[in-house]
Amino acid sequence: MSGFVSFVGSGPGDPELLTLKAVDRLRAADIVLFDDLSAGPVLRHVRADADLVAVGKRAGRPSPSQSHVSALLVAHAATGARVVRLKSGDPAIFGRLEEEIVALRDAGIGFEIVPGISSASAAAAAAAIPLTRRLSARRVQFVTGHDVTGTLPQARNMAALADPDATTVVFMPKRTFPALADDLVAHGLPPHTPALFAENVGHPDQRLTRTTVAALADRLRATVSEAPALILYGPLMEEA
Ligand SMILES: C[S@@+](CC[C@H](N)C(=O)[O-])C[C@H]1O[C@@H](n2cnc3c(N)ncnc32)[C@H](O)[C@@H]1O
């Protein structure tokens with residue numbers, strides 16, 4: 001008998017931002033494999049007799065390799081268990097979902113994807129910023145601040161990234177944003193373009209800082225905290 005895997009989006013961390021379907025799958029699970037960013041109060045929905053397996057970086061230990069996580073997922077599902085693979089935000093956004101789906105398909109194991117509220121949507125909502133605006137932000141794009149090597153992606157679509165009519169959300173931006181900002185300005189984006197630095201979104205210590213692309217780059221050149229953070233820039237609606 002083979003089990004079944006539910007990829008579940010945990011949202012940004014605020015348990016009230018879990019979907020009803022996510023809660024249902026967490027309650028039904030025999031085993032939950034979770035990342036660091038999906039840990040926290042949302043795990044309270046897991047049954048006391050279910051197994052919780054952390055597959056992120058813990059206490060300075062390096063994160064398990066992606067192939068190891070995929071193999072774990074297959075091995076647990078193969079026992080017939082109802083497995084939840086909990087991923088932060090929406091599992092389909094920068095969540096290495098593809099690798100795990102391929103492993104399950106290759107093993108003939110069924111799965112579903114339960115979408116979650118991305119930290120991008122949650123950050124915009126917390127700062128009262130519409131991601132699109134009818135007149136000034138007709139496009140929204142989600143990009144990553146680093147590639148598999150941990151550095152700023154070499155192949156960057158600078159025309160898109162420096163588009164003044166788009167809202168851009170940069171995931172994993174902290175160490176590479178200064179270099180990206182230099183490139184944006186070199187490609188015509190005004191340095192005073194509005195930016196939002198959103199740390200620990202959906203957590204009690206959430207911090208939202210309204211700034212500009214150039215000022216944020218200067219700040220991140222000087223200091224970088226450990227908190228998960230996103231950067232939004234573009235024609236962001238101003239504070240009331
Ligand atoms: C591997 S990606 C996963 C993104 C996730 N799937 C989503 O939709 O939010 C991890 C990055 O998402 C962002 N992130 C996730 N949770 C966050 C939070 N609560 N506050 C701020 N940024 C967050 C950070 O940029 C972090 O480095």
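Keep in mind that this is a model prediction, so the values were computed, not measured.

With that settled, the discussion passes to the sheet that holds strand 8 (residues 194-199). Within the open sheet, the 5 strands sit side by side as 6-7-10-8-9. Their pairing is mixed. Of all strands in the sheet, those bounded by a partner on one side alone are strand 6 (139-144) and strand 9 (207-212). On average, each strand axis in the sheet is inclined to that of its neighbour by 20°, with strand direction left out of account. Sheet topology places strand 8 next to strand 10 (residues 229-233); 5 bridges connect them, and they run antiparallel. Directly across from leucine 196, in strand 10, lies its bridge partner leucine 232. Its contacts with the sheet place helix 4 (residues 119-126) against strand 6, strand 7 (166-171), strand 8, strand 9 and strand 10, and it is angled at close to 65° to strand 10.

Of all residues adjacent to the ligand, which total 19 residues, the nearest are Asp90, Ile93, Ser119, Met172 and Ala229. In this structure, serine 88 approaches the ligand through a main-chain N or O atom, which is 2.8 Å from a nitrogen atom. At a separation of 2.8 Å, an oxygen atom of the ligand approaches a polar backbone atom of methionine 172. Notes on the ligand: free accessible area 560 Å², of which the protein chains cover 89%. Within the shell around the ligand, the residues separate by chemical class into 12 nonpolar, 6 polar and 1 charged. Taken domain by domain, the shell around the ligand gets at least three of its residues from each of domain 1 (4-114) and domain 2 (119-233).

With that settled, the discussion passes to the side chain of aspartate 90. In this structure, aspartate 90 sits in the loop between strand 4 (82-87) and helix 3 (97-107). Despite its burial, aspartate 90 remains without a salt bridge, the nearest opposite charge being carried by lysine 87 at 10 Å. At a separation of 2.7 Å, a polar atom in the side chain of aspartate 90 contacts the main-chain amide nitrogen of alanine 92. In this structure the side chain of aspartate 90 is engaged in a polar contact, spanning 3.4 Å, whose partner is the backbone nitrogen of glycine 116.

Membership of the largest hydrophobic core comes to 20 residues, with the highest contact counts inside it found for Phe177, Leu184, Ile231 and Tyr233. Looking at this core, the elements that each hand over two or more residues are helix 5 (158-161), helix 6 (177-186), strand 8, helix 7 (213-222) and strand 10. With sequence-adjacent residues up to four places away left out, tyrosine 233 is seen in contact with Leu161, Ala166, Thr167, Thr168, Val170, Phe177, Leu184, Leu189, Pro194, Ala195 and Val213. Phe7, Val55, Val69 and Ala103 belong to the second largest nonpolar core, which has 16 residues in total.

Procedures and definitions
- Residues numbered from 1 in each chain as written.
- Predicted model: local features only at pLDDT ≥ 70, side-chain atom pairs only at ≥ 80, totals over all residues.
- Heavy atoms only, no water.
- Pairing = 2+ DSSP bridges.
- Helix = DSSP H or I, 4+ residues; strand = E, 2+ residues; numbered from the N terminus.
- Axes fitted to C-alpha atoms, helices over the stretch in contact; angles between N-to-C directions.
- Contact = heavy atoms within 4.5 Å.
- Near = heavy atom within 4 Å.
- Polar contact = N/O pair within 3.5 Å; in protein donor to acceptor, adjacent residues only side chain to side chain.
- Areas by Shrake-Rupley, 256 points an atom, 1.4 Å probe, with all protein chains shown as cover.
- Nonpolar A, V, L, I, M, F, W, Y, C, P; charged D, E, K, R; others polar.
- Domains from an automatic or database assignment.
- Buried < 20%, exposed > 50% of the residue type's maximum accessible area, 1.4 Å probe, protein only.
- Lys, Arg positive; Asp, Glu negative; His and termini not counted.
- Salt bridge = Lys/Arg side-chain N within 4 Å of Asp/Glu carboxyl O.
- Core = buried A, V, L, I, M, F, W, Y, C linked by side-chain atoms within 4.5 Å.

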